[in-house]
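The chain contents come next:
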Amino acid sequence: MSTAPLRIVLADDQALLRGTFRLLLDSTPDLEVVGEAGTGREAVELTRELRPDLVLMDIRMPVLDGLEATRLIAASPALSGVKVLILTTFENDEYVAEALRAGAGGFLGKGVNPEELLRAIRTVAAGEALLSPAATRALITRFLDSPASSPVAAAPLDALTAREREVVTLVAAGLSNDEIAARLFVTPLTAKTHVNRAMAKLGARDRAQVVVIAYESGLVRPNSGH
């Protein structure tokens, strides 16, 4: 039995880029573009109207930027199932950390090849965090250079088991479930279970939010080896 394709909204102020993305995505059997937005405001409105599985979001757009559009989407309980994948011209964009705090599930540079983009869409739509190595370095550098904007209460961290804390540090390092499983000598399913339980206890929307919480809480520190 075939599954329904992932429904995607494209948000970018460059019509040519949207057309390129649409051509790629619509030619892929498990993906379907259901709407296009040229501003952040349009992206939010289309998302509310269409309830896609994922929004492919540019940061720099007129009327409302992608960062604020992502924040509005993530803050809406009615849109809790919608994931946001940020695409931007520069992977070391100063907004990496802010985009993740806003609720983005992943962050990629526009220089990615088609296969990487398709894989990223599927990864983020499935609830996995996705950050390119350059974006991960930028995120860690940002936490190193500036204090946390909103300290995380200790209570949620206290609720984590020792193994869950260990798993959170590995998620913060950008490891996948398979990589975590290999590091801890457990099955991928067990690793996924630990990650999901930690996310639930932390109240994290997805793995990207786990990364933010790990750094803001001090559980993981830049250059700590994780």
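To start, this report covers the structure provided alongside it. (Residues numbered from 1 in each chain as written. Predicted model: local features only at pLDDT ≥ 70, side-chain atom pairs only at ≥ 80, totals over all residues. Heavy atoms only, no water.)

1. A word on the overall build of the chain
Across its full length, the chain holds 11 helices and six strands. The buried share of the chain, taken over its 226 residues, is 46%. When contacts within the chain are restricted to residue pairs at least 6 apart in sequence, those whose partners lie at least 24 apart make up 66%. For the chain, the accessible surface area stands at approximately 10700 Å², while carbon and sulfur atoms represent 54% of it. (Helix = DSSP H or I, 4+ residues; strand = E, 2+ residues; numbered from the N terminus. Buried < 20%, exposed > 50% of the residue type's maximum accessible area, 1.4 Å probe, protein only. Contact = heavy atoms within 4.5 Å. Areas by Shrake-Rupley, 256 points an atom, 1.4 Å probe, with all protein chains shown as cover.)

2. Considering helix α2 (residues 40–50)
Along α2, the positions that sit buried rather than exposed are Gly40, Ala43, Val44, Leu46 and Thr47. Seen along its axis, α2 keeps its buried residues to an arc of 170°; they face one direction. Those residues of α2 that are buried lie in contact with β1 (6–11), β2 (31–37), β3 (54–58) and α3 (66–75). Where α2 terminates, the next one or two residues include Arg51, which has phi positive at roughly 50°. (Arc of directions from axis to C-beta.)

3. Some thoughts on the packing of helix α1 (residues 15–26) against helix α5 (residues 114–125)
Their axes nearest at 11 Å, the elements α1 and α5 cross at an angle of 75°. With respect to each other, α1 and α5 are oriented roughly perpendicular. Along the contact surface, α1 presents Phe21, Leu24 and Leu25, while α5 presents Pro114, Leu117, Leu118 and Ile121. A class-by-class count of the residues in the contact of α1 with α5 yields seven nonpolar, no polar and no charged. (Axes fitted to C-alpha atoms, helices over the stretch in contact; angles between N-to-C directions. Parallel < 35°, antiparallel > 145°, perpendicular 65-115°, else oblique. Nonpolar A, V, L, I, M, F, W, Y, C, P; charged D, E, K, R; others polar.)

4. Digging into unusual backbone geometry
Even without a glycine there, the phi angle at Arg51 is positive, about 50°. Summarising the element assignment, Arg51 is placed in the loop between α2 and β3. If you check the backbone angles, Val63 has positive phi at about 70° while not being a glycine. Counting through the fold element by element, Val63 comes out in the loop between β3 and α3.

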